[in-house]
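Commentary on secondary and tertiary structure
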Amino acid sequence: MPKLVTKTAWQPIRATDLRLTGAEPGTCERCGRRDLRFLHVVKHPNGGQLTVGCECAKRLCYGYDPERAENRLRNLYARRSRWLTRNWATSRKGNETLKFNHEGETVWVTIFADKRDPKLFCCSISVDGGKPFFPSGNFVSADVAKLAAFDQLAETCEW
Ligand SMILES: [Zn+2]
């Protein structure tokens with residue numbers, strides 16, 4: 001790391017929940033702390049990235065609130081864990097569907113067999129009866145397809 005660079009030059013790029021990716025525990029590249037559930041990728045404008053823990057992210061990035069980012073990920077993880085046990089219903093066509101209200105809009109998630117390979121599953125999401133959109137690809141089980149729909153919604157709706 002260049003010596004004359006100020007701390008404030010670092011910018012947070014993203015925070016990751018290693019419990020979700022199955023890579024827990026993580027290690028901070030700056031201080032070597034090893035028991036981390038969350039990692040923060042921070043970038044220097046002169047190039048170079050570091051993957052660091054909460055304390056180092058806070059020290060490096062002026063104005064960044066890594067605890068807030070971690071709380072958001074913690075909530076998202078809990079929400080994702082409950083997703084499969086929500087009130088999924090069966091449509092007339094025999095597909096599993098979940099309907100819920102999101103900020104005044106009705107969101108429908110539907111899981112259905114892949115037309116080309118009925119052993120695989122796809123998902124579609126539609127909002128207020130609009131054109132459905134599909135997270136790309138097909139999935140080995142209905143549950144995996146449901147979680148793909150969740151991840152797509154989390155990204156689209158900024159959960
Ligand atoms: Zn550290």
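Computed from a prediction, not measured in an experiment: that's the story for all the values here.

Looking only at helices and strands, one finds four helices and seven strands in the protein chain. A compact globule built from 159 residues would reach a C-alpha radius of gyration of about 15 Å, whereas the protein chain, at 20 Å, exceeds it by more than 25%. Taking the principal axes of its C-alpha atoms as reference, the protein chain extends roughly 65 × 35 × 25 Å. With 159 residues in all, the protein chain has 20% of them scored as buried. In the protein chain, once contacts between residues fewer than 6 apart in sequence are set aside, the share between residues at least 24 apart is 37%.

Entries for the protein chain in the domain assignment read domain 1 (7-80) and domain 2 (89-156). Using C-alpha coordinates to define each centre, domain 1 is positioned 31 Å away from domain 2.

Attention now goes to the sheet that holds strand β7 (residues 121-127). Strand order across the open sheet formed by four strands is β4-β5-β6-β7, with antiparallel pairing between neighbours. Each end of this open sheet is capped by a strand with a single partner; those strands are β4 (89-90) and β7. By the bridge criterion, seven bridges tie strand β6 (residues 105-113) to β7 in an arrangement that is antiparallel. Looking at β7, one finds that F112 is bridged to C122.

Spatial strand order, β1-β2-β3: three strands in an open sheet with antiparallel pairing. Whereas interior strands pair on both sides, the edge strands pair on one side only; in this sheet they are β1 (11-17) and β3 (49-52). Strand-to-strand twist of the sheet, defined as the mean angle between neighbouring strand axes without regard to direction, takes the value 20 degrees. The sheet contact formed by strand β2 (residues 38-43) and β3 spans four bridges and is antiparallel. Bridged to H40 within β3 is V52. In this fold helix α3 (residues 66-83) packs onto β1 and β2, with an angle of close to 30 degrees to the strand it touches most, β1.

On to the nonpolar core. W10, C28, L36, F38, L39, V42, V52, C54, C56, A57, L60 and C61 form the largest nonpolar core, which has twelve residues in total. Looking at this core, the elements with two or more residues in it are β2 and α2 (54-60). In terms of residues, this core owes the most to one element, α2, which gives four residues.

Right, let's get into the packing of α3 against helix α4 (residues 142-156). Two measures define how a pair of helices packs: the angle their axes make with one another and the distance between the axes. Contact pair α3 / α4: the axes reach a minimum separation of 10 Å and the direction vectors enclose 145 degrees. For the element pair α3 and α4, the recorded crossing hand is right-handed. Between α3 and α4, the residues in contact are L76, R80 and W83 and K146, L147, F150 and A154, respectively.

It is worth spelling out the environment of D143 at this point. Its location among the elements puts D143 in helix α4. Along the sequence, D143 and I111 sit 32 residues apart, while their C-alpha atoms lie 9.0 Å from each other.

Looking now at the environment of V42. Tracing the chain through its elements places V42 in strand β2. Accessibility expressed as a C-beta count within 10 Å gives 24 for V42, which makes it buried. As for V42 and I13, which are separated by 29 residues in sequence, their C-alpha atoms are 5.4 Å apart. When sequence neighbours within four positions are dropped, the list of residues in contact with V42 reads W10, Q11, P12, I13, Q49, L50, V52, A57, L60 and C61.

Quick look at unusual backbone geometry now. Note: most peptide bonds trans; most residues except glycine with negative phi. In the segment running from E24 into P25, the intervening peptide bond is cis, with an omega of -5 degrees. The topology assignment puts P25 in the loop between α1 (18-21) and β2. Within the chain, E103 stands out as a residue other than glycine whose phi angle is a positive 50 degrees. Judged by C-beta crowding, with 6 C-beta atoms within 10 Å, E103 ranks as exposed.

Here is what the cut-offs are and how they apply
- Residues numbered from 1 in each chain as written.
- Predicted model: local features only at pLDDT ≥ 70, side-chain atom pairs only at ≥ 80, totals over all residues.
- Helix = DSSP H or I, 4+ residues; strand = E, 2+ residues; numbered from the N terminus.
- Rg over C-alpha atoms; globule rule 2.2 N^0.38 Å.
- Buried ≥ 20, exposed ≤ 12 C-beta atoms within 10 Å, placed from the backbone.
- Contact = placed C-beta atoms within 7 Å.
- Domains from an automatic or database assignment.
- Pairing = 2+ DSSP bridges.
- Axes fitted to C-alpha atoms, helices over the stretch in contact; angles between N-to-C directions.
- Core = buried A, V, L, I, M, F, W, Y, C linked by C-beta atoms within 7 Å.
- Left-handed = near helix turned anticlockwise from the far one by under 90°.

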